[in-house]
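Take a look at the letters that make up each chain.
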Amino acid sequence: MTVLEGFFQGVLQGLTEFLPVSSDGHLSLFQHFFSLNGENALFFTVMLHVGTLIAVFIAFWKDIWAMVAEFFKAISDIFKGRFKYSESNEPRKGMIMIIISLVPLLGFYLIKDWFTALSEDSDIIVEGVCFLFTGTLLFLADKCVKGKKTAVDMKPREALRIGFFQGFAALPGVSRSGSTIAVGLLSGFSKEFMVKFSFIMGIPAIIAASGMELL
């Protein structure tokens, strides 16, 4: 990989990460056409996501800080016997729902080698199918009745459903933000809330994936 190829992949990542079009899928296409497939290409893609985290923290730092603060307050309330979920504010409920949404990823971790094999293959058939999957979800979400629900209305089963679809984002061409936002919209949540929820819930997943790849 040359410096110029690395630079263009960074530009491509920046242009597609905050759009529901799968930055991984587009990077995979770039790597395919420039013969950059393989384990090193996958590692480079994961490391690009570390840069994305910085942008996410900058864009949603107020919401992230509020959830982090509520996490430690909730731990304190549990030890003091004062924790009541029904009385939780929106940042605390959002934080709890994000934790619940991460549970399905444990199951996807067990088959991560299969996802890795698909990401490292030498053709782009998988990417094509996954782009169609993402496009179908976005089309359905665009046609659904626009909801108004936020974190205070979210049920654990809805958080698990959204988290389940986040797991499919390990496939090149399945947009993590696109699929989770689409499922949230189909579940009756507002677009503004789902955009924030989707990007913030992706932080632990990206950190975990980057950490495993670094090891």
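First things first, this report covers the structure right here in the doc. (Residues numbered from 1 in each chain as written. Predicted model: local features only at pLDDT ≥ 70, side-chain atom pairs only at ≥ 80, totals over all residues. Heavy atoms only, no water.)

## A few points about the packing of helix 8 (residues 125-143) against helix 10 (residues 176-186)
Defined as follows: For helices, the fitted axis covers only the stretch in contact; all axes are lines through C-alpha atoms, and the angles between them, taken along N-to-C directions, range from 0 to 180 degrees. Where helices and strands are cited, they refer to DSSP runs of H or I of at least four residues and of E of at least two residues respectively, numbered from the N terminus. Note on terminology: angles under 35 degrees are roughly parallel, angles over 145 are roughly antiparallel, angles of 65 to 115 are roughly perpendicular, and the others are oblique. The hand of a helix crossing depends on one turn: near helix anticlockwise from the far one by less than a right angle means left-handed, and clockwise means right-handed. A contact between two residues is defined here by any heavy atoms of the two lying within 4.5 Å. Polar here means any residue other than Ala, Val, Leu, Ile, Met, Phe, Trp, Tyr, Cys and Pro, which are nonpolar, and Asp, Glu, Lys and Arg, which are charged; Gly is therefore polar.
Helix 10 packs onto helix 8 with a crossing angle of 30 degrees between their chain directions and a minimal axis gap of 9 Å. It follows from the interaxial angle that helix 8 and helix 10 lie roughly parallel. In terms of crossing hand, the pair formed by helix 8 and helix 10 is left-handed. Seen from helix 8, the contacting residues are Leu137, Leu138, Leu140 and Ala141; seen from helix 10, they are Gly178, Ser179, Ala182, Leu185 and Leu186. Each residue belonging to the contact of helix 8 with helix 10 can be placed in one class, and the counts come to 7 nonpolar, 2 polar and no charged.

## What about the pattern of salt bridges?
Stated formally: A carboxyl oxygen of Asp or Glu within 4 Å of a side-chain nitrogen of Lys or Arg is what we treat as a salt bridge.
Inspection of the entire model under this criterion finds 6 salt bridges. Salt bridges linked by common partners bring Glu70, Lys73, Asp77, Arg82 and Arg92 together as one network.

## With respect to helix 11 (residues 191-214)
The line we're drawing: Take the number of residues in a helix, subtract one, and multiply by 1.5 Å to get its expected span. Bend is computed residue by residue as the angle between axes fitted to the seven residues ending at the residue and the seven residues starting at it. Classification of residues uses two cut-offs on accessible area relative to the type maximum, computed with a 1.4 Å probe and protein chains only: under 20% is buried, over 50% is exposed, and between them is partly exposed.
End to end, helix 11 covers 34 Å across 24 residues, agreeing with the expected 34 Å (1.5 Å per residue, within 8%). The sharpest bend along helix 11 comes to roughly 30 degrees, located at isoleucine 203, with the proline proline 204 sitting one to four residues further on. Within the sequence span of helix 11, burial applies to Phe193, Met194, Phe197, Ser198, Phe199, Ile200, Met201, Gly202, Ile203, Ala205, Ile206 and Ser210.

## Regarding the environment of glutamate 70
Applicable threshold: In the analysis that follows, any N or O atom pair within 3.5 Å is treated as a polar contact, provided that within protein one partner can donate a hydrogen and the other can accept it, and provided that, for residues neighboring in sequence, both atoms belong to side chains.
Take glutamate 70: it is sitting in helix 4 (residues 61-80). The buried category is assigned to glutamate 70, whose relative accessible area is 9%. Linking glutamate 70 and phenylalanine 108, residues 38 residues apart in sequence, is a C-alpha distance of 28 Å. Among all residues touching glutamate 70, those that are not within four sequence positions of it are Asn89, Pro91, Arg92 and Met95. In this structure the side chain of glutamate 70 is engaged in a polar contact, spanning 3.2 Å, whose partner is the side chain of asparagine 89.

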